[in-house]
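# Per-entry structural report
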Amino acid sequence: MRAADDLSQLTRRRVLCVAPSYSPSFGTFQNAYPLCGKRVGAFMPPQGLLVIAAALPRKWEVRFLDENLETLRDDDLDWAEIVLVSGMHIQRDKIKEINRRAHRAGKTTVLGGPSVSAAPEQYPEFDYLHIGELGDATEELLVRLAANPERPPSQIVLETKERRPLQDFPIPAYHLAELDRYFLTSIQFSSGCPYRCEFCDIPALYGRVPRLKTPQQIVAELDAMVSQGGLNAIYFVDDNFIGNRKAARELLPHLVAWQKKNGFPVQFACEATLNIANETETLRLMREAYFCTLFCGIETPDLDALHAMKKDQNAKLPILESVRKINSYGIEVVSGIILGLDTDTYDTPRQILDFVERSNIPILTMNLLEALPRTPLFERLKSEGRLIEAPGRESNVDFKLPYETVVSMWRDCVAKVYAPEQVYARFAHNCDHTYPNRLQLPLTKARASAKNLKRAFTIARNLLFKVGISSDYRKTFWNLCGPLLKAGRIEQVIHVGLVAHHLISFAREAVRGSQNASFYSAKTRARVENQAQPAPVS
């Protein structure tokens with residue numbers, strides 16, 4: 001590979017990095033944004049695109065635009081020579097729209113990221129396709145663009161053969177993004193996952209041997225993020241935080257030390273396989289580092305279904321026991337649930353509802369099964385003739401049960417799981433049995449900063465009006481949050497009220513048919529506005 005110093009000598013170019021907008025989902029909390037004030041308008045900054053922006057030659061002029069926060073304007077395109085895009089399958093239509101607009105403006109377009117790396121055939125219109133992670137293909141791309149920024153006569157496809165080690169990754173270009181406009185911010189420690197779940201594309205895209213950054217890199221990235229101020233939570237977007245268990249344990253003491261040094265300015269969150277419940281020392285250190293949320297792809301309480309999808313790691317301990325173990329360290333569990341599995345029966349909704357009630361997991365991202373390219377599931381269903389690409393369908397899978405039955409099962413589960421009384425009952429359990437187990441933090445300057453206090457006041461005011469006064473479930477809200485307020489547990493009132501509002505309102509939209517039944521579906525819908533009165537904003 002060419003050295004970074006060599007690349008810095010390349011001819012100056014103007015590059016516009018564009019993050020496409022994405023469809024609303026349970027897991028991206030769109031309906032909570034208005035309660036946070038005027039600035040918050042997107043879920044997380046696009047980690048991959050900011051890494052690429054940081055990897056561009058230092059002499060190049062780089063701008064960043066996130067369509068979830070602002071509209072791509074003609075003058076943005078007029079400024080650029082090159083438009084660089086990255087995105088996921090669910091953003092496919094938006095990705096293509098950006099390309100069309102850039103081409104109409106006469107600009108060269110480059111596409112990288114997970115969607116094109118898994119399905120390059122979906123993007124024949126782009127000038128350059130970058131397949132795979134940062135590496136030798138990236139450097140060849142930069143050399144070509146430095147030599148000639150004009151559109152090539154035909155599409156050029158560059159595929160990474162030699163990945164750049166994560167230890168050599170630059171700090172993402174956080175300075176280009178206004179981080180306090182995001183619901184959460186993000187950081188990456190590792191890439192890859194050792195497991196081979198049938199529906200997951202991570203092993204094919206990023207490998208089964210996790211590759212790692214150093215703890216020193218992570219600390220430097222954290223410093224770069226918090227220097228902007230006003231951040232609340234940082235999410236480790238690793239495919240599996242314990243993909244390399246030893247490395248995770250070695251990182252955590254550095255996070256503990258960083259939090260203590262900086263006055264615990266943020267809480268951490270991550271995703272990991274459920275067998276993290278066996279890692280007692282890891283959980284202890286996560287508590288000390290103030291990890292408050294853990295996403296686990298539980299997928300289903302049916303052990304036979306877990307075995308069929310090759311996710312036996314979820315059954316190392318009884319699932320409910322694993323959830324309780326994680327909760328005992330003050331960490332709230334968020335779960336993924338999938339309907340439409342080949343093992344599903346007409347009794348599956350009852351099993352799921354029973355599991356939700358017994359586990360008291362408050363947040364569940366409930367999706368219909370979607371077969372992603374480069375997964376064992378996709379290949380199996382393709383060989384069985386069970387892939388269906390049809391406009392209007394909620395999934396590309398030809399289910400074993402009738403399609404309308406599966407969609408109806410999904411809507412029924414969503415309606416019952418996110419009925420206000422059920423949501424608040426699960427949060428009440430966590431208020432009693434999870435949150436009290438968290439590290440009791442000192443009141444530091446970092447936590448009580450002017451930005452944090454303004455954010456808390458804004459959310460509390462909007463919650464009071466939107467939920468405590470105007471909502472049809474205000475009695476349910478006050479039954480839980482009234483005693484919490486009297487006890488001075490204001491942070492928990494904000495967390496519960498903010499998240500519950502999104503879950504309840506989004507579920508109602510989903511039941512009406514206004515939201516996709518799968519976060520992974522590329523099905524396009526118009527953005528749905530809440531039918532209730534809009535929340536006041538600061």
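In this report, we go over the structure that sits alongside the text.

## Quick word on the packing of aromatic side chains
The full count for this structure, using the stated rule, is 17 aromatic pairs. Measuring from centroid to centroid gives 5.6 Å for Phe236 and Phe268, while their planes differ by 65°, and the two rings are edge-to-face. Of the two residues, Phe236 sits in strand β10 (residues 233-236) while Phe268 sits in strand β11 (residues 267-271), which places them 32 residues apart along the sequence. Here Phe236 matches Phe268 in class, with each residue buried. Between Tyr424 and Phe477 the ring centres are 6.4 Å apart and the planes differ by 90°, which places this aromatic pair in the edge-to-face class. Of this pair, Tyr424 sits in helix α16 (residues 420-433) while Phe477 sits in helix α18 (residues 474-486); the two residues are 53 residues apart in sequence, bridging distant segments of the chain. Three or more aromatic residues link up through ring pairs in this structure, and these residues are Phe236, Phe241, Trp258, Phe268 and Phe291. It is Lys96 that lies over the ring of Tyr123; its NZ or CZ is 5.9 Å from the centre.

## Remarks on the sheet that holds β11
Judged by pairing direction, the sheet is parallel, and its 6 strands sit side by side in the order β7-β10-β11-β12-β13-β14 without closing on themselves. What marks the edges here is a single partner per strand, and that holds for β7 (185-187) and β14 (363-368). Strand-to-strand twist across the sheet, computed as the mean angle between neighbouring axes with direction ignored, equals 20°. In this structure, β10 lies alongside β11, joined through 4 bridges in parallel fashion. In the sheet register, Ile234 faces β11, and the bridge partner there is Phe268. Lying on the sheet, helix α13 (residues 348-359) is in contact with β12 (291-299), β13 (332-339) and β14; it crosses β13 at an angle near 180°.

## Focus on the state of the cysteines
Going through the model one piece at a time under the given rule, you end up with 0 disulfides. Cysteine Cys36 remains unbridged, with the sulfur of Cys481 as its closest cysteine sulfur at 15 Å. Cys36 gets classed as buried once you look at its relative accessible area, which sits at 8%. With no disulfide of its own, Cys431 lies closest to Cys481 among cysteine sulfurs, the gap being 7.3 Å.

## Here's the deal with the pairing of strand β1 (residues 14-19)
With 5 of 6 residues buried, β1 lies mostly within the body of the structure. Judged from the 6 bridges that link them, β1 and strand β2 (residues 61-66) form a sheet pairing that is parallel. Residue pairing in the sheet places Cys17 in a bridge with Phe64 of β2. Since β1 and β2 lie parallel, the crossover through helix α2 (residues 47-55) that links them has a hand, and here it is right-handed. Across 4 bridges, β1 lies against strand β3 (residues 82-86) in parallel orientation. Bridge pairing in β3 places Val18 opposite Val85.

## Digging into the pairing of strand β5 (residues 128-131)
Neither face of β5 is open: one carries Tyr128 and His130, the other Leu129 and Ile131, and all of them are buried. Judged from the 2 bridges that link them, strand β4 (residues 108-112) and β5 form a sheet pairing that is parallel. Bridged to Leu111 within β5 is Leu129. Across 4 bridges, the pairing between β5 and strand β6 (residues 156-159) is parallel. Across the sheet, Leu129 pairs through a bridge with Val157, a residue of β6. Handedness of the crossover joining β5 and β6 through helix α6 (residues 136-147) is recorded here as left-handed.

## Re the environment of Pro373
When you line up the elements, Pro373 lands in the loop between β14 and α14 (376-383). According to the relative accessible area criterion, Pro373 is buried, its value standing at 14%. C-alpha separation for the pair Pro373 and Ile326, spaced 47 residues apart in sequence, amounts to 33 Å. With sequence-adjacent residues up to four places away left out, Pro373 is seen in contact with His89, Ala118, Ala119, Asp201 and Phe378.

## A closer look at the nonpolar core
One finds Phe236, Phe291 and Met366 to be the most contacted residues of the largest nonpolar core, which totals 148 residues. With 11 residues, helix α19 (residues 490-511) is the largest single contributor of residues to this core. Those residues in contact with Met366 that sit more than four places away from it in its chain are Phe26, Ile337, Leu339, Ile352, Trp410, Cys413, Val414, Val417, Tyr418 and Ala517. By size, the runner-up hydrophobic cluster in this structure holds 18 residues, among which are Leu16, Leu72, Ile98 and Tyr123.

## Overview of the sheet that holds β2
Taken in spatial order, the 6 strands make up an open sheet running β2-β1-β3-β4-β5-β6, and their pairing is parallel. Edge strands, defined here as strands with exactly one partner in the open sheet, are β2 and β6. Averaged over neighbouring strand pairs, the angle between their axes works out to 20° when direction is ignored. As paired strands, β3 and β4 are joined by 5 bridges and run parallel to one another. When the sheet's bridge partners are listed, Ile82 is paired in β4 with Thr108.

So, how was this worked out
- Residues numbered from 1 in each chain as written.
- Predicted model: local features only at pLDDT ≥ 70, side-chain atom pairs only at ≥ 80, totals over all residues.
- Heavy atoms only, no water.
- Phe/Tyr/Trp six-rings, centres within 6.5 Å; stacked < 30°, edge-to-face > 60°.
- Helix = DSSP H or I, 4+ residues; strand = E, 2+ residues; numbered from the N terminus.
- Buried < 20%, exposed > 50% of the residue type's maximum accessible area, 1.4 Å probe, protein only.
- Lys NZ or Arg CZ within 6 Å of the ring centre and 35° of its normal.
- Pairing = 2+ DSSP bridges.
- Axes fitted to C-alpha atoms, helices over the stretch in contact; angles between N-to-C directions.
- Contact = heavy atoms within 4.5 Å.
- Disulfide = S-S within 2.5 Å.
- Right-handed = clockwise from strand over helix to strand, strands pointing away.
- Core = buried A, V, L, I, M, F, W, Y, C linked by side-chain atoms within 4.5 Å.

Keep in mind that these numbers describe shape and distance, not what the molecule does.
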